[in-house]
Amino acid sequence: MKIDEKAIKFLIFSLIICVYSCGPSSVSYRYQFSGRSDPFAENKINKLKDYKYSFKFGNNEDLLIEKNILFHIGDYLNSIGWSYVEDSNSAEILIGLQYSIRDSEKKTTKMVKTGSQQVVDTNWDGTAKKDSEGNIKYKNKNTYGTKERTREGYIKEYNIILLLQDEVAWSADISSFGKDHDLVRVSERIIPKILKKNFLKNKARSGRLKLYIGCTDPDASNYCKKCDILDLGECEY
């Protein structure tokens, strides 16, 4: 059977287009998280209840940054059935936030090959191998050392507090390191993941978490339904 050269070229061209225009761009944020709840509180947060919540604004440097980050928190809580109210007096839960960002350096070490040396080649029992003439055999063994690397970036820290009847019922510290100076853009990816782990315990309910990575984002210009999503849990649950 004769293969059509035009058909082959078309298939190759289609594959290239799919790889470059439809492939997801890797965007990852490394973060550390510590969440706490009050074991002595009489009125603990019932994670199966739909609460009315409001925001308690603090003394952060930029009110718009604070509002945007709190909006990310509220956007997720709305998706699991909580409802936002303007009047904080009629709210069951108040949510407060403190944030900070600063220049930072992160040092990492990795193993690197430094050279090689000749060592005695041994048998399984530790004795030296010998050739047919009785001479000891040698082999080359790589030597390794450590190399230190310094990355310059920003440390972004968030402290979230949930007050139930004027008492702190739950709080969380979140910190991340990266080159991105934008607090809001980092928070919209990290904070929903934190809230998902702590406030979605009923499997009959579902929370919404938008995925902003390459072609897996339905709102992106290069969105493609056929793209592989490595972790579906990051997209919907």
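Worth saying up front: this structure is predicted, and the values here are computed from it rather than measured.

This next bit is on a positive patch on the surface. On the surface, a cluster of positive charge is contributed by R30, K110, K147, R149, R151 and K179. Top contributing element to the positive patch by residue count: strand β5 (residues 138-164), with three residues. Examined against the element boundaries, R30 turns out to sit in the loop between α1 (5-22) and β1 (31-37).

On to a nonpolar patch on the surface, then. Nonpolar side chains collect at one region of the surface, where V120, I136 and Y138 lie side by side and expose about 270 Å² of accessible area between them. Checked against the element boundaries, Y138 lands in strand β5.

Another point: the confidence of the model for the protein chain. Interpretation of this model should avoid reading the predicted coordinates in detail wherever pLDDT is low. Taken residue by residue, the protein chain gives an average pLDDT of 76. The fraction at 70 or more is 70%. In the model, residues 19-27 has pLDDT below 50 throughout and makes 16 contacts with residues more than four positions away in sequence or in other chains.

One finds I45, W82, I93, I95, I160, L162 and W170 to be the most contacted residues of the largest nonpolar core, which totals 31 residues. Residue assignment for this core shows that the elements contributing at least two residues are β2 (52-56), α2 (63-79), β4 (93-120), β5, β6 (167-178) and α3 (183-199). Per-element accounting of this core gives the leading share, eight residues, to α3. Filtering out sequence-adjacent residues up to four positions away, L162 remains in contact with I45, W82, I93, L94, I95, E167, V168, A169, W170 and F199.

For the rest of this paragraph, the subject is the environment of V119. Among the structural elements, V119 can be located in strand β4. When the C-alpha atoms of V119 and N140 are compared, they prove to be 6.3 Å apart, with 21 residues separating the residues in sequence. For V119, the contacting residues outside a window of four places in its chain are K137, Y138, K139 and K141.

About the cut-offs
- Sequence positions are assigned chain by chain, starting from 1 and proceeding in written order.
- Predicted model: local features are reported for residues with pLDDT of at least 70 only, side-chain atom pairs are reported and counted for 80 or more only, and whole-chain, interface and lining totals are derived from all residues.
- As a rule here, side-chain values cover all heavy atoms of the structure and leave hydrogens and water aside.
- Patch membership is restricted to residues that have no salt bridge and whose relative accessible area is over 30%. Joining uses 9 Å for like charges and 5 Å for the nonpolar side chains Val, Leu, Ile, Met, Phe, Trp and Tyr.
- We get accessible surface area from the Shrake-Rupley algorithm with a probe of 1.4 Å; when it comes to residues, only the shown protein chains can shield them.
- Any carboxyl oxygen of Asp or Glu within 4 Å of a side-chain nitrogen of Lys or Arg constitutes a salt bridge here.
- Under the counting rule used here, the positive set is Lys and Arg, the negative set is Asp and Glu, and His together with the chain ends is not counted.
- Where a charge lies is defined by one atom per residue type, namely NZ (Lys), CZ (Arg), CG (Asp) and CD (Glu).
- Here a helix means four or more residues in a row that DSSP labels H or I, a strand means two or more in a row labelled E, and each is numbered from the N terminus.
- Per-residue confidence from the prediction method is given by pLDDT, with values spanning 0 to 100.
- Whether two residues are in contact is decided by their heavy atoms: any pair within 4.5 Å suffices.
- In plain words, nonpolar cores are sets of buried Ala, Val, Leu, Ile, Met, Phe, Trp, Tyr and Cys residues tied together by side-chain atoms within 4.5 Å.
- Only protein chains enter the accessibility calculation, which uses a 1.4 Å probe. A residue is then buried if its area is under 20% of the maximum for its type, exposed if over 50%, and partly exposed in between.

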